[in-house]
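Each chain is listed here by its residues.
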Amino acid sequence: MGDHPLTRIVSSGSSRSQTENQTDMRYDAYLSLIENQIRCAWLYALYLEPYNSVYVARRLYVESSSSNTLVLKLLSYQLHNAAESELVKNSSSIDVESLYAEAEWAMEALSTVLASNKWFFGKPTPGFLDASVFAYTHLLLDSNMGWREDRLVKSVQKWENLVQHRERILEKYSDPQYAQPL
């Protein structure tokens, strides 16, 4: 079995270097957008949004674990609670509109910095930020995921260069063994 495409991006010699860390504060700012705004909206969309919780998260993470109804309910409950706990770490409640608005703003910022470049910051090969963005855009744009509530999907589709970025990574690092439907 070969390496997963994201592993190959990060280990291909263009991974996040100390020079990038020290000289480009923008890099950390954009990575922070992914790790905070986009991740929070992702957690909500996948685990807390009722339709996606049932039709996406449950199918991917719960149903393959057991055939016991009680175990399935417990796993669903644990996934829901873990996501909810993560989202209320810095706030007493979850403001869904703010989550999606901040994710939309983060996607716009990433689209702006990518501009017409193939890879972030005009690098000749994809790096850690490219892999980090791909980790979300790939799953959001994958029609096999079966998203029922698709606000986050639409926030990626709105930015053609982010869609093309995902396609470039798929073309560059695709391995037929990973092309199987979910």
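About the cut-offs
- Residues numbered from 1 in each chain as written.
- Predicted model: local features only at pLDDT ≥ 70, side-chain atom pairs only at ≥ 80, totals over all residues.
- Heavy atoms only, no water.
- Patch = residues over 30% accessible without salt bridge, like charges linked within 9 Å, V, L, I, M, F, W, Y side chains within 5 Å.
- Areas by Shrake-Rupley, 256 points an atom, 1.4 Å probe, with all protein chains shown as cover.
- Salt bridge = Lys/Arg side-chain N within 4 Å of Asp/Glu carboxyl O.
- Helix = DSSP H or I, 4+ residues; strand = E, 2+ residues; numbered from the N terminus.
- Buried < 20%, exposed > 50% of the residue type's maximum accessible area, 1.4 Å probe, protein only.
- Axes fitted to C-alpha atoms, helices over the stretch in contact; angles between N-to-C directions.
- Left-handed = near helix turned anticlockwise from the far one by under 90°.
- Contact = heavy atoms within 4.5 Å.
- Nonpolar A, V, L, I, M, F, W, Y, C, P; charged D, E, K, R; others polar.
- Core = buried A, V, L, I, M, F, W, Y, C linked by side-chain atoms within 4.5 Å.
- Parallel < 35°, antiparallel > 145°, perpendicular 65-115°, else oblique.
- Phe/Tyr/Trp six-rings, centres within 6.5 Å; stacked < 30°, edge-to-face > 60°.
- Lys NZ or Arg CZ within 6 Å of the ring centre and 35° of its normal.

Q: Can you walk me through a nonpolar patch on the surface in this structure?
A: A cluster of nonpolar residues, Tyr51, Val54 and Tyr55, forms a patch on the protein surface that exposes about 320 Å² of accessible area. Mapped onto the elements, Tyr55 comes out in helix 4 (residues 50-62). Tyr55 sits in the partly exposed class, given a relative accessible area of 39%.

Q: Help me understand the packing of helix 3 (residues 25-48) against helix 6 (residues 96-114), please; the structure alone is not making it clear to me.
A: Helix-helix packing is characterised by the crossing angle of the two axes and by the distance between the axes. The interhelical angle for the contact between helix 3 and helix 6, taken along N-to-C directions, is 145°, at an axis separation of 9 Å. Classified by chirality, the crossing of helix 6 by helix 3 is left-handed. Together, Arg26, Tyr30, Leu33, Ile34, Gln37, Ile38, Cys40, Ala41, Tyr44 and Ala45 of helix 3 and Val96, Leu99, Tyr100, Glu102, Ala103, Trp105, Ala106, Met107, Ala109, Leu110 and Val113 of helix 6 make up the contact between the two elements. By residue class, the composition of the contact of helix 3 with helix 6 is 18 nonpolar, one polar and two charged.

Q: Would you mind going over the nonpolar core with me for this structure?
A: The nonpolar side chains of a soluble globular protein tend to be buried, and buried together. Ranked by size, the top nonpolar core spans 42 residues in total, and within it Trp42, Phe120 and Leu140 carry the most contacts. Among the elements that make up this core, the one with the highest residue count is helix 3 (14 residues). Residues in contact with Phe120, not counting those within four places in the same chain, are Leu110, Val113, Leu114, Leu129, Asp130, Val133, Leu162 and His165.

Q: Hey, could you run me through the packing of helix 3 against helix 5 (residues 69-87) in this one?
A: Running from amino to carboxyl end, helix 3 crosses helix 5 at an angle of 155°, the nearest separation of the two axes being 9 Å. Classified by the angle between their axes, helix 3 and helix 5 sit roughly antiparallel to one another. As helix 3 packs across helix 5, the resulting crossing turns out to be left-handed. Seen from helix 3, the contacting residues are Arg39, Cys40, Leu43, Tyr44, Tyr47 and Leu48; seen from helix 5, they are Leu79, His80, Ala83, Glu84, Glu86 and Leu87. In terms of residue class, the contact of helix 3 with helix 5 is built from eight nonpolar, one polar and three charged.

Q: When you look at the packing of aromatic side chains in this model, what are you seeing that I'm missing?
A: The way to describe two aromatic rings as a pair is by their centre distance and the angle between their planes. Summed over the entire model, instances satisfying the criterion amount to six aromatic pairs. Judged by centre distance (6.0 Å) and plane angle (90°), the ring pair of Tyr44 and Tyr100 falls under edge-to-face. Separated by 56 residues along the polypeptide, Tyr44 in helix 3 and Tyr100 in helix 6 bring together distant segments of the chain. Considered together, Tyr44 and Tyr100 belong to a single accessibility category, that of buried residues. Ring pairs connect the aromatic residues Tyr27, Tyr30 and Phe121, which therefore count as one cluster. In this structure, Arg168 packs its charged tip against the face of Trp119, placed 5.7 Å from the ring centre.

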